[in-house]
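Residues per chain are reported as follows:
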Amino acid sequence: MSLYDKSIVASGHELVSQAAAEIMQAGGNAFDGVVAAGFCSAVAEPTLTSLGGGGLLLGWSEKQHQQLFFDFFVNTPGLGRDCAFNPHFFPVTVNFSGASQDFNVGMGSVAVPGTLKGLLHIHERLGHMDLRDVLAPARALAQGHVINEQQAHFLSLLYPIMTLTEDGRKIYEPTGSYLVAGNTNSNADCVEFLDQVAEDRGDNFYFGDIAESIDRDMKAGKGFLSAKDLADYQVAERPPLTIPYRNFQLCTSPEPSMGGTLIGLSIGLMEKLGHQQLTWGSGAHLRQTLALMQEVEKNRAAGISTPSALQRFLSDERQYADATESIRLFSRGTTHISISDRHGNCASMTCSNGEGSGYFAPGTGVMLNNMMGEDDLHPNGFHNGTPGVRVASMMSPSLLFEEGRVRLVIGSGGSKRIRTAISQVLNQVIDFKRTLEEAVSAPRLYWDGEAVQVEPGFSKRSIELLRDCADVNVWECQDVYFGGVHAVVPGVEGVGDQRRGGAVVSV
């Protein structure tokens, strides 16, 4: 029985959305669709995600009438290995719209990958179609697809990482010249690897010859990732974090992901504010939004970041400053997919490869992550973590419920801006009754600790009033810096954030 007339996909790439829609049109459910999209995004968005990275999924199973959360983010590596050596670990400078940042890459930057196992776990638990059929769109893309402008831009930024090794140069400089928009990108090793995955469901990658090859390379190249790390990796299923807001309930990522908790802190503060008396985008609204972000950031820095601290805050504001937990943030290379199907199933999935380590798992065409080299992820210093422990992130795939039904599937990429991007879209949709298109397309602001970063689109008068409160930097155009919210209203509409190449397909 169908609840809705159509299935809807919103993602960061038109080929990814199209593939997921085709899977659902062929009889697959939302979970078949999101798994197909995850494999496709690893091929078509190689600068943002990879089967060698990590991710989170929050879903609603209509058949089970249950919320489901899957954590397949990365683990700290080093199990069964003497790590008392200096790893192969060095900085690469990447420029983002005039601002530069160093990202650490190399063998020593690789954490235990979870995306491949996570996608296969989701399919086994909730999928309907045969795995080979679900993998077919990604296989076709790996045989060759045209690079769009968005991915070409990201590729240009990450040139030194994508071409660090011969494996990377073979894929991204196949004729000696680096790929640009309009070129065809193919990955023959990935085609063969996907055929293998269809047969062994990833066993060779986590337990077999590929795992042993990775282990040997890491030993020779001064990396920490071991065969035991790969063999011991498990997808974690946890209850989602549920937060009341107005007449809704927001279900989002629980710890060790901290993004959901910080969104909870944000909307808990918004609950106390009189947004209904304001005009969206007015000077008063911007100042109120800034005050909220400053309060959340102040308490984040003080360690207010666990669900228990959130509950104490929501029940008794005086206990808000009592928690002492630390937080880690997430990298910039992230993509998100939101899906709903005709039967009422919903999936919100965020995945990342960081910026990539430059190292490819032998014979797979898959670049592994650089999560151990992300300074945002490791504020207490690099390589201090315990092997086998899940690394925390800011990713926050979410579902908004009203009267027991999913009203919005939402998530974003964007590092620290994930929480502000999602919170601001929720604020506009719920409190200001704006359409989803208006809310996602609207200008955003972000407090970076020193100044308010503001997208163009607010009135000059509003910006002047905001300057009375803090230093303000108005950007020339909307930018990926401010996140990429891809969202779906089940059975009604989807919106893809144009900051990150958003694309929507309905079937």
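Basis of the calculations
Each chain has its residues counted from 1, following the order in which its sequence is written. Given that this is a predicted model, residues contribute local features only at a pLDDT of at least 70 and side-chain atom pairs are listed and counted only at 80 or more, while totals for whole chains, interfaces and linings are drawn from all residues. Note that the side-chain values use all heavy atoms of the structure and ignore hydrogens as well as water. Note on pairing: two strands pair once DSSP finds at least 2 bridges between them. Elements are defined by DSSP. Helices are runs of H or I of four residues or more, strands are runs of E of two residues or more, and each kind is numbered from the N terminus. Axis lines are fitted through C-alpha atoms, for helices just across the contact stretch, and the angle between N-to-C directions can take any value from 0 to 180 degrees. The contact definition used throughout considers only heavy atoms, calling two residues in contact when any of these lie within 4.5 Å. A score from 0 to 100, pLDDT tells how confident the predictor is in each residue. In this description, a disulfide is simply a cysteine sulfur pair whose atoms lie within 2.5 Å. Each reported salt bridge corresponds to a side-chain nitrogen of Lys or Arg within 4 Å of a carboxyl oxygen of Asp or Glu. The classification of residues rests on relative accessible area computed with a 1.4 Å probe and restricted to protein chains. Under 20% of the type maximum is buried, over 50% is exposed, and intermediate values are partly exposed. For this analysis, a polar contact is any N or O atom pair within 3.5 Å, provided that within protein one partner can donate a hydrogen and the other can accept it, and provided that sequence-adjacent residues contribute only side-chain to side-chain pairs. The term nonpolar core refers to a set of buried residues drawn from Ala, Val, Leu, Ile, Met, Phe, Trp, Tyr and Cys, joined through side-chain atoms within 4.5 Å. Roughly parallel means an angle under 35 degrees; roughly antiparallel means over 145; roughly perpendicular covers 65 to 115; every other angle is labelled oblique. Left-handed describes a crossing whose near helix is turned anticlockwise from the far helix by less than a right angle; the clockwise case is right-handed. Polar here means any residue other than Ala, Val, Leu, Ile, Met, Phe, Trp, Tyr, Cys and Pro, which are nonpolar, and Asp, Glu, Lys and Arg, which are charged; Gly is therefore polar.

(A) Focus on the sheet that holds strand 10 (residues 248-252). The strand order across the open sheet built from six strands is 9-10-15-16-20-21, with neighbouring strands paired in antiparallel fashion. Two strands lie at the open edges of the sheet, namely strand 9 (241-245) and strand 21 (493-495), each paired on one side alone. Taken over all neighbouring pairs, the strand axes of this sheet differ in orientation by 15° on average, direction set aside. Bridge count for strand 10 against strand 15 (residues 398-402) is three bridges, and the pairing is antiparallel. Among the inter-strand pairings, C251 is bridged to a residue of strand 15, identified as L399. Its contacts with the sheet put helix 15 (residues 417-431) on strand 9, strand 10, strand 15, strand 16 (405-413) and strand 20 (484-489), and the angle it makes with strand 16 is roughly 145°.

(B) Structural context of the confidence of the model for the protein chain. On average, residues of the protein chain score 90 in pLDDT, and 91% of them reach the 70 mark or higher. In the predicted structure, residues 306-331 sits below a pLDDT of 50 and forms 78 contacts with residues beyond four places in sequence or in another chain.

(C) Region of the structure containing the state of the cysteines. All told, the structure shown has zero disulfides when counted by the stated rule. With no disulfide of its own, C346 lies closest to C251 among cysteine sulfurs, the gap being 11 Å.

(D) Up close: the pattern of salt bridges. All chains considered together, the criterion is met by 17 salt bridges. Residue D215 pairs with R81 through a salt bridge whose shortest N-O separation is 2.9 Å. Here D215, found in helix 10 (residues 209-221), pairs with R81, found in the loop between strand 3 (66-72) and strand 4 (90-96); they are 134 residues apart in sequence, far enough to count as distant. D215 gets classed as buried once you look at its relative accessible area, which sits at 9%. With a shortest N-O distance of 3.0 Å, K228 and D232 are connected by a salt bridge.

(E) Just the side chain of D200, in detail. One can find D200 in helix 8 (residues 188-200). A distance of 2.9 Å separates the side chain of D200 from the backbone nitrogen of G202, its partner in a polar contact.

(F) Representation of the nonpolar core in the model. In this structure, F39, F205 and I214 are the most contacted members of the largest nonpolar core, which totals 64 residues. At eleven residues, the largest contribution of residues to this core is made by helix 2 (residues 30-44). Aside from chain neighbours lying at most four places away, what touches F39 is L51, L116, L119, L120, L135, A138 and L194. One finds M371, L377, L399 and A439 within the second-largest nonpolar core, a separate group that totals 50 residues.

(G) Seen up close, the packing of helix 2 against helix 3 (residues 115-126). Packing of helix 2 against helix 3 leaves a shortest axis separation of 9 Å and a crossing angle of 160°. It follows from the interaxial angle that helix 2 and helix 3 lie roughly antiparallel. Seen along the crossing, helix 2 lies across helix 3 with a hand that is left-handed. In this structure, helix 2 contributes F31, D32, V34, V35, G38 and F39 to the contact, and helix 3 contributes L116, L119, L120, I122, H123 and L126. Residue composition of the contact of helix 2 with helix 3, by class: nine nonpolar, two polar and one charged.

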